[in-house]
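# Architecture and fold: a report
Here's the letter readout for the chains.
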Amino acid sequence: MAEPFVLGGVEVPPGQRRTVELPVGRRFTGAELVLPVEVVNGRSPGPRLFVCAAVHGDEINGVEIIRRLLRRPLRSLSGTLIAVPIVNIYGFIGLSRYLPDRRDLNRSFPGSERGSLAARLANTFLDEIVGVSTHGIDLHTGAIHRANLPQIRASLEQTDTDRLARAFGAPVILDANLRDGSLRQAVMERGVPMLLYEAGEALRFDEGSIRTGVRGIVGVMRELRMLPPSQRPAQRQRPYVANSSHWVRAPESGILRDRIRLGAAVAKDQVLGIIADPLGSREFDVRASRDGVVIGRTVLPLVNEGDALYHVACFARPVRVADRIGQALEAINPPTDSYEPPS
Ligand SMILES: [Zn+2]
């Protein structure tokens, strides 16, 4: 039998779940701000997994991923699931990536008790949530006007993280460097393996990204033996690990017409898009600088010189990777004519 799990002074007995509201401060209206956390404590002991979203307040796919995760039957759970759907509660209210002081929460870790608003929120999250967890998953989307192919970013030199990244089953894994001040860096420094899932676009729901996310978290929980193995083990495709990635930038300012979709393979010097002025009198090709697969892109056609347009990941066999990505997305995306949103 597991022990009761205590968070923010609330005790969650084994086999039960509770909503915990962690106080994070007060708004200038006087209203108190709380972080809503759902704790599901399993009957038997096991890992303690935190899953969080909206560290960037406008990245809302992950909020829906967590809602759907919590609707699943979790009666057979071993260990504890700690779900935090909205970490940057200030940004979420304002539909903004940032905090009201214009700071980026994901550059403010580990934070401090007496620092800026962002530093204090970072500190609270690290102490209260990461401090009681053995594993973590942080859910993100592309920034505003950018879309990402579903992908895992993780430090694969850690064997535990590598195993979990593969169990998540997103089509692509980027062995990504740690960013200074990021949640991932702070969590890794505490020796807690963490995956970062990137999929879709800020302020939008993307059904394929959401489904891939829910399935991925369940896959990780099964790998950690928090959930029993699937009754119908799916024929899962092995994810591809990118060697490196780079951004193709706008050579000139103007209006962009796309020639490439997310997940497609590109060859060096291939035209990815064409930038024109509004009268169409001047046109510039945007060309791939290397072979690869498009894993992120702008969705806003109005571009300034130097803007990051296409995020291209490099693989040994990009055409084969793109084929597999296409199959994976087709399998998980709903057919457009028969789609009914889940409850
Ligand atoms: Zn983000």
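Described in the following lines is the structure provided in the data block. (Residues numbered from 1 in each chain as written. Predicted model: local features only at pLDDT ≥ 70, side-chain atom pairs only at ≥ 80, totals over all residues. Heavy atoms only, no water.)

### Side note on the layout of surface pockets
Note the cut-off: Computed over the protein atoms alone on a 1 Å grid, cavities are sets of points where a 1.4 Å probe fits but cannot get out and pockets are open sets with protein on both sides within 12 Å along at least five of seven lines; a residue lines them when it has an atom within 4 Å of a point. Grid points are joined across faces, edges and corners, and a volume is the space filled by probe spheres set on the points. Secondary structure is summarised from DSSP: a helix means a run of H or I of at least four residues, a strand means a run of E of at least two, and numbering begins at the N terminus for each. Three categories are distinguished: nonpolar for Ala, Val, Leu, Ile, Met, Phe, Trp, Tyr, Cys and Pro, charged for Asp, Glu, Lys and Arg, and polar for the others, with Gly belonging to the last.
Within this model, the second largest pocket holds a volume of roughly 700 Å³. Of all the secondary structure elements, the ones that give two or more residues to the lining of the second largest pocket are β7 (135-140), β8 (146-154), β9 (172-175), α5 (183-189), β10 (194-201) and β12 (244-249). With four residues, β12 is the single largest residue contributor to the lining of the second largest pocket. Residues that form the lining of the second largest pocket fall into these classes: eight nonpolar, 13 polar and 10 charged.

### Thoughts on the coordination of the zinc ion
Threshold: Each metal's donors are the N, O and S atoms found within 2.8 Å of it, except that Na, K and Ca use a 3.2 Å limit; water is left out, so coordination can look incomplete. Square planar and octahedral sites, with four and six donors, are those where opposite donors lie more than 155 degrees apart and all other angles lie between 65 and 115, tetrahedral sites have four donors with every angle between 85 and 135 degrees, and the rest are irregular. Relative accessibility under 20% of the residue-type maximum defines a buried residue, over 50% an exposed one, and the middle range a partly exposed one, all with a 1.4 Å probe and only protein chains included.
At this site the zinc ion is bound by H56 (ND1), E59 (OE), E59 (OE) and H140 (ND1), with donor distances of 2.1 to 2.5 Å. Of note is the zinc ion, whose four donor atoms meet at the metal with angles of 56 to 145° in an arrangement that counts as irregular. Read N to C, the donor residues that coordinate the zinc ion are spaced as H-x2-E-x80-H. The exposure class of H56 is buried, given its relative accessible area of 3%.

### A closer look at the packing of aromatic side chains
Counted only if it meets this: Side-chain rings of Phe, Tyr and Trp (the six-membered ring for Trp) are treated as a pair once their centres are within 6.5 Å; stacked means planes under 30 degrees apart, edge-to-face means over 60, and tilted covers the remaining angles.
Scanning the model with the defined rule gives two aromatic pairs in all. An angle of 85° between the planes, with centres 5.8 Å apart, marks the rings of F50 and F125 as edge-to-face. Here F50 is found in strand β5 (residues 44-53), whereas its partner F125 is found in helix α3 (residues 117-128), with 75 residues between them in sequence. You can call F50 buried: its relative accessible area is 0%.

### Considerations on the pattern of salt bridges
Stated precisely, the cut-off is as follows: By definition here, a salt bridge exists when the distance from a side-chain nitrogen of Lys or Arg to a carboxyl oxygen of Asp or Glu is within 4 Å.
Applying the stated criterion across every chain yields a total of 18 salt bridges. R68 serves as the salt-bridge partner of E207, at 3.0 Å between the closest nitrogen and oxygen. Within this pair, whereas E207 is found in helix α6 (residues 207-223), its partner R68 is found in helix α1 (residues 61-71), the two being separated by 139 residues in sequence. The same class applies to E207 and to R68, which are both buried. Of the charged contacts in the structure, one is a salt bridge between D258 and R297, with a shortest N-O distance of 2.3 Å.

### Quick word on the sheet that holds strand β15 (residues 271-276)
We apply this condition: Note: two strands are recorded as paired if DSSP finds a minimum of 2 bridges between them.
The strand order across the open sheet built from four strands is β16-β15-β13-β18, with neighbouring strands paired in antiparallel fashion. Bordering the open sheet on either side are β16 (283-287) and β18 (302-303), each of which pairs with just one other strand.

### Notes on helix α4 (residues 159-168)
Keep this limit in mind: We call two residues contacting when some pair of their heavy atoms lies within 4.5 Å.
Among the residues making up α4, those that are buried are T161, D162, L164, A165, A167 and F168. On the buried face of α4, the contacting elements are β7, β8, β9, α5, β10 and α6. Once α4 ends, the next one or two residues include G169, with phi positive near 80°.

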